[in-house]
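One-letter residues, chain by chain:
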Amino acid sequence: MIKMKNVNFKYANSESGALNGLSINIGSGETVLLCGQSGCGKTTVTRLINGLIPHYYEGELNGSVIVGGLDVIKAELYETARIVGSVFQNPRSQFFCVDTTSEIAFSCENMGLPEDTIKTRICEAARDMKVESLLGRSIFNLSGGEKQKVACASVSAAHPEVFVLDEPTSNLDMDAIENLRRTILLWKSRGKTVVIAEHRLHWLKDICDRVIYMSGGRNGLDLPM
């Protein structure tokens with residue numbers, strides 16, 4: 001599902017490379033943890049998978065990044081978004097709407113889906129993520145955990161094959177982390193590919209199939225979880 005080969009990347013105005021000869025293969029349906037010290041390159045990997053590099057974060061890039069058969073380096077962001085859904089460290093950074101229902105619908109509307117299909121997907125995502133009670137609410141009146149739930153529902157509604165999460169628990173309490181854990185298990189049960197860049201590891205036990213430890217922009221140990 002995800003194939004990176006000999007990837008080198010240096011952010012614009014940076015003196016050193018964020019990735020140095022990185023090669024990673026992630027199979028369809030795998031749930032993989034990327035971990036390592038701050039600055040090891042795990043966030044950069046997530047940005048390559050979802051196409052934010054090179055289309056949003058500029059820099060010097062070479063190598064190959066293929067996701068679901070799509071060359072995400074050459075593809076437009078909207079093409080990659082049909083395959084990859086992203087949940088960021090701060091959910092507010094990915095919201096485009098001011099109310100929850102519109103936010104969940106946003107990705108489907110961008111895909112040009114029929115109105116009836118969008119309504120069905122909103123209901124399905126709200127049920128799956130257990131956010132029915134949050135529909136029609138202002139984004140600004142939600143807790144951190146509630147925002148994370150809405151972000152996951154919005155991503156789920158698009159039915160991507162790959163989910164990418166970058167430090168998703170950094171602003172969550174233990175109850176919200178448990179909710180996120182159940183969400184990932186649901187995606188996993190449906191055969192989705194899930195890549196999680198994270199430094200808090202305790203909650204990922206019995207979720208991930210593999211852990212890739214990164215250091216200096218390279219993948220070091222690659223072990224079963």
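Note: the structure precedes this text.
Residues numbered from 1 in each chain as written. Predicted model: local features only at pLDDT ≥ 70, side-chain atom pairs only at ≥ 80, totals over all residues. Heavy atoms only, no water.

K.L.:
Help me understand the side chain of S156 in this model?
P.N.:
Checked against the element boundaries, S156 lands in helix 6 (residues 144-157). Look at S156 and you get buried, because its relative accessible area is 12%. Polar contacts involving the side chain of S156 include one to the side chain of W187, which spans 2.8 Å. If we skip the residues at most four places from it in the chain, S156 touches M129, F163 and W187. (Helix = DSSP H or I, 4+ residues; strand = E, 2+ residues; numbered from the N terminus. Buried < 20%, exposed > 50% of the residue type's maximum accessible area, 1.4 Å probe, protein only. Polar contact = N/O pair within 3.5 Å; in protein donor to acceptor, adjacent residues only side chain to side chain. Contact = heavy atoms within 4.5 Å.)

K.L.:
What exactly am I supposed to notice about empty space enclosed by the protein here?
P.N.:
It is the rolling of a water-molecule-sized probe over the atoms that shows where space remains empty. Summed over the entire model, instances satisfying the criterion amount to one cavity of 30 Å³ or more. Listing elements by their share of the lining of the largest cavity, those giving two or more residues are helix 6 and helix 7 (174-189). Taken together, the residues that form the lining of the largest cavity break down as four nonpolar, four polar and one charged. (1 Å grid on protein atoms, 1.4 Å probe; cavity = no way out; pocket = protein on both sides within 12 Å on 5 of 7 lines; lining within 4 Å. Points joined across faces, edges and corners; volume = space filled by probe spheres on them. Nonpolar A, V, L, I, M, F, W, Y, C, P; charged D, E, K, R; others polar.)

K.L.:
Please clarify how the sheet that holds strand 5 (residues 70-71) should be interpreted in this entry.
P.N.:
Pairing between the strands of a sheet is mediated by backbone hydrogen bonds and can be parallel or antiparallel. The strand order across the open sheet formed by four strands is 2-1-4-5, and the pairing between neighbours is antiparallel. Of all strands in the sheet, those with a lone pairing partner are strand 2 (19-26) and strand 5, marking the two edges. Where strand 1 (residues 2-11) lies against strand 2, five bridges are found, and the strand directions are antiparallel. The partner of K3 across the bridge, within strand 2, is N25. Across the face of the sheet, helix 1 (residues 42-49) comes into contact with strand 1, strand 2 and strand 4 (59-67) while running at roughly 115 degrees to strand 1. (Pairing = 2+ DSSP bridges. Axes fitted to C-alpha atoms, helices over the stretch in contact; angles between N-to-C directions.)

K.L.:
Help me out: how do you make sense of the packing of aromatic side chains in this one?
P.N.:
The tally for this structure, following the rule as stated, stands at five aromatic pairs. Residues F9 and Y11 carry aromatic rings whose centres are separated by 4.8 Å and whose planes lie at 80 degrees to one another, so their mutual orientation is edge-to-face. When the ring of Y56 is compared with that of Y57, the centres are 4.9 Å apart and the planes differ by 80 degrees; the resulting orientation is edge-to-face. Aromatic rings pair up to connect F9, Y11, Y56 and Y57 into one cluster. (Phe/Tyr/Trp six-rings, centres within 6.5 Å; stacked < 30°, edge-to-face > 60°.)

K.L.:
Help me understand helix 6, please; the structure alone is not making it clear to me.
P.N.:
A rise of 1.5 Å per residue sets the reference length of helix 6, with its 14 residues, at 20 Å; its end C-alpha atoms lie 20 Å apart and thus fit the reference within 8%. Buried residues dominate helix 6, accounting for ten of its 14 residues. Among all positions in helix 6, only K147, Q148, V150, A151, C152, A153, S154, V155, S156 and A157 are buried. Each element contacted by the buried residues of helix 6 is listed here: strand 6 (84-87), helix 4 (100-110), helix 5 (115-128), strand 7 (162-166) and helix 7. Remark: H159 follows helix 6 within two positions and exhibits a positive phi of approximately 55 degrees. (Expected span 1.5 Å × (residues − 1).)

K.L.:
Would you mind going over the pattern of salt bridges with me for this structure?
P.N.:
Side-chain pairing between opposite charges can occur once the charged atoms of the two side chains come close. Taken as a whole and assessed by the stated rule, the structure comprises eight salt bridges. In this structure, K119 engages E115 in a salt bridge whose closest nitrogen and oxygen atoms are separated by 3.4 Å. Of this pair, K119 and E115 are both found in helix 5, four residues apart, which corresponds to roughly one turn of the helix. Across the salt bridge formed by R127 and D128, the nearest N and O atoms sit 3.5 Å from each other. According to the relative accessible area criterion, R127 is partly exposed, its value standing at 47%. Here the salt bridges do not stand alone but share partners, grouping R127, D128 and R190 into one network. (Salt bridge = Lys/Arg side-chain N within 4 Å of Asp/Glu carboxyl O.)

K.L.:
What am I meant to see in unusual backbone geometry here?
P.N.:
Across residues other than glycine, the phi torsion is negative in most instances, and most of the peptide bonds are trans. Omega for the peptide link from I53 to P54 comes to 10 degrees, which places this bond in the cis form. Looking at the secondary structure, you find P54 in helix 2 (residues 52-55). Backbone geometry at K130 places phi at a positive 55 degrees, although glycine is not the residue there. Topologically, K130 is positioned in the loop between helix 5 and helix 6. In this structure K130 comes out as exposed when scored by relative accessible area, which is 58%.

K.L.:
Is there a simple way to think about the state of the cysteines in this case?
P.N.:
As used in these notes, a disulfide is a covalent bond between sulfur atoms, one from each of two cysteines. Applying the stated criterion to the full structure yields zero disulfides. Free cysteine C35: the closest other cysteine sulfur is in C40, separated by 7.6 Å. (Disulfide = S-S within 2.5 Å.)

K.L.:
What is the right way to read the layout of surface pockets from this model?
P.N.:
The volume enclosed by the largest pocket comes to roughly 920 Å³. Lining the largest pocket are 30 residues, and of these A81, S86, F88, Q94 and F96 sit closest to its centre. Only helix 1, helix 3 (77-81), strand 6, helix 4 and helix 6 provide two or more residues apiece to the lining of the largest pocket. For the lining of the largest pocket, the class distribution of residues is 14 nonpolar, twelve polar and four charged. Space inside the second largest pocket adds up to approximately 160 Å³. Along the walls of the second largest pocket sit 13 residues, with D128, S156, A157, H159 and R190 positioned nearest its centre. Counting only elements with at least two residues in the lining of the second largest pocket, the list comes to helix 5 and helix 6. Top contributing element to the lining of the second largest pocket by residue count: helix 5, with four residues. In terms of residue class, the lining of the second largest pocket is made up of six nonpolar, two polar and five charged.

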